[in-house]
Amino acid sequence: MSFGLTNALAAFMDLMNHIFKEYIDQFVIILIEDILVYSKSPEEHAKHLEVVLEILREKKLYAKLTVSLAAKDFYPWPHRGEDGIFVDPLRVEIKAAQSEDVNLQKMKIEVSEGKQLTFMVFEDGSLRFKRRLCVPAEKELLDLLPREMHGSLHTMHPSSTKMYRDLRQHYWWSGMERDVANFVAQFLTCLMVKAEHQRPSKTLQLVPIPIGEISMDFVVGFPTAPGR
């Protein structure tokens, strides 16, 4: 990387996103100065690494390999580990907070009366929207979920679209897509290299010229340079 270059990190991320465009969000994520390769199994990981290293070789680029991280150490969703089922403490907190949300409790009653078909009461007593856990309208939870998702070692600062798609697999709340987009918009470095995911700007508006308030100064009689 050319560290003498202005915005070197953004330039690096832009280059890596360009050459790995075909594999981004499939098994490659670019974050600041790192190339993260993630896989479901050691065998699949070896194939993915081979693809990444071959692309770097073709582009005459060099990479420093680091030790792989075990997914079970930072996987953000509930999963089955060696000791059985691992339950995410955040999900436990969300289920407990549902009992304090008036709208969600009202929704539970409508479900029991058969008035709501898209929502359901799960076997653990929690309210779900199409099997996705309903998050109460509690500011701390609504701030914590995007922050944990965006800064997790597993997700590595995804774009707003990728982050929303990942979150909606497990959670639901009203205005979820808007909240995620607003959260990711706070990170300037992420936005600098993801212009292709942004909506095009509207037509530029001309600024009115204040006629009558413009002044001009004419300077003449500059001394000539030596030899001229």
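Along each chain, numbering runs from 1 in the same order as the chain's sequence is written. A pLDDT threshold of at least 70 governs which residues receive local features in this predicted model, and a stricter bar of 80 or more applies before side-chain atom pairs are shown or counted, although totals over entire chains, interfaces and linings include all residues. Heavy atoms from the whole structure form the basis of all side-chain values; hydrogens and water molecules are not counted.

Enquirer: Describe the environment of Tyr171, with residues and values.
Expert: Note on placement: Tyr171 falls in strand 8 (residues 171-172). Relative accessibility thresholds used throughout: buried, under 20% of the residue-type maximum; exposed, over 50%; partly exposed, between the two (1.4 Å probe, protein chains only). For Tyr171, a relative accessible area of 0% gives the class buried. Comment: elements are numbered from the N terminus, with helices defined as DSSP H or I runs of at least four residues and strands as E runs of at least two.

Enquirer: Help me get a handle on unusual backbone geometry, residues and values and all.
Expert: Most of the time, phi is negative for any residue but glycine, and the peptide bond is trans. Positive phi values are uncommon outside glycine, yet Asp25 reaches one of about 70°. One can find Asp25 in the loop between helix 1 (8-19) and strand 1 (28-31). Its identity is not glycine, yet Arg131 carries a phi of approximately 75°, on the positive side. On the secondary structure map, Arg131 appears in the loop between strand 6 (127-129) and strand 7 (132-134).

Enquirer: Which residues make up the pattern of salt bridges, and what values go with them?
Expert: Basic side-chain nitrogens of Lys or Arg form a salt bridge, by our definition, when they fall within 4 Å of a carboxyl oxygen of Asp or Glu. Counted by the stated rule, this structure contains six salt bridges. Notably, a salt bridge pairs Lys115 with Glu113, separated by 3.2 Å at the nearest N-O pair. Judged by relative accessible area, Glu113 falls into the partly exposed class, the value being 46%. For Lys139, the salt bridge goes to Asp143, with nearest N and O atoms at 2.7 Å. One end of the pair is Lys139 and the other is Asp143, both in helix 5 (residues 139-151) and four residues apart, which spans about a single turn. Residue Lys139 is classed as exposed on the basis of its relative accessible area, which comes to 62%. Among the ionic contacts, a cluster of salt bridges with common partners joins Lys95, Asp124 and Arg128.

Enquirer: Could you give an account of helix 1, with specific residues and numbers?
Expert: Its 12 residues place the ends of helix 1 17 Å apart at the C-alpha level, agreeing with the 16 Å of an ideal helix rising 1.5 Å per residue. For helix 1, the set of buried residues is Ala8, Ala10, Phe12, Met13, Met16, Asn17 and Ile19. The span expected for a helix works out to 1.5 Å for each residue beyond the first.

Enquirer: Lay out the packing of helix 6 (residues 160-167) against helix 7 (residues 176-184) in plain terms, naming residues and giving numbers.
Expert: The geometry of helix 6 relative to helix 7 is characterised by a closest axis approach of 9 Å and an angle of 140° between their N-to-C directions. What the angle tells us is that helix 6 and helix 7 run oblique. Classified by chirality, the crossing of helix 7 by helix 6 is right-handed. Across from Ser160, Met163, Tyr164 and Leu167 in helix 6, the residues of helix 7 making contact are Met176, Glu177, Val180, Ala181, Phe183 and Val184. Basically, the charged four are Asp, Glu, Lys and Arg, the nonpolar ten are Ala, Val, Leu, Ile, Met, Phe, Trp, Tyr, Cys and Pro, and anything else, Gly included, counts as polar. Of the residues assigned to the contact of helix 6 with helix 7, the class counts are eight nonpolar, one polar and one charged. Axes here mean lines fitted to C-alpha atoms, for a helix over just the part in contact, with angles spanning 0 to 180 degrees between N-to-C directions. Any angle that falls under 35 degrees is termed roughly parallel, while one over 145 is termed roughly antiparallel, one within 65 to 115 roughly perpendicular, and all others oblique. Crossings are classed by handedness, with left-handed meaning an anticlockwise turn of the near helix from the far one by less than a right angle and right-handed meaning a clockwise turn. Throughout, a residue-residue contact means that at least one pair of heavy atoms, one from each residue, lies within 4.5 Å.

Enquirer: Tell me about helix 2 (residues 42-58), and name the residues and values.
Expert: Over its 17 residues, helix 2 extends 24 Å from the first C-alpha to the last, a length consistent with the 24 Å expected when each residue adds 1.5 Å. Restricting attention to buried positions, one finds in helix 2 the residues His45, His48, Val52, Ile55 and Leu56. Take helix 2 and look down its axis: the buried residues cluster within an arc of 100°, on one side only. Facing away from the buried side of helix 2 by more than 90 degrees, the exposed set consists of Glu43, Lys47, Glu50, Arg57 and Glu58. On the buried face of helix 2, the contacting elements are helix 1, strand 1 and strand 2 (34-37). Two residues or fewer after helix 2 comes Lys60, characterised by a positive phi angle close to 60°. In this context, the arc is that of the directions from the helix axis out to the C-beta atoms.

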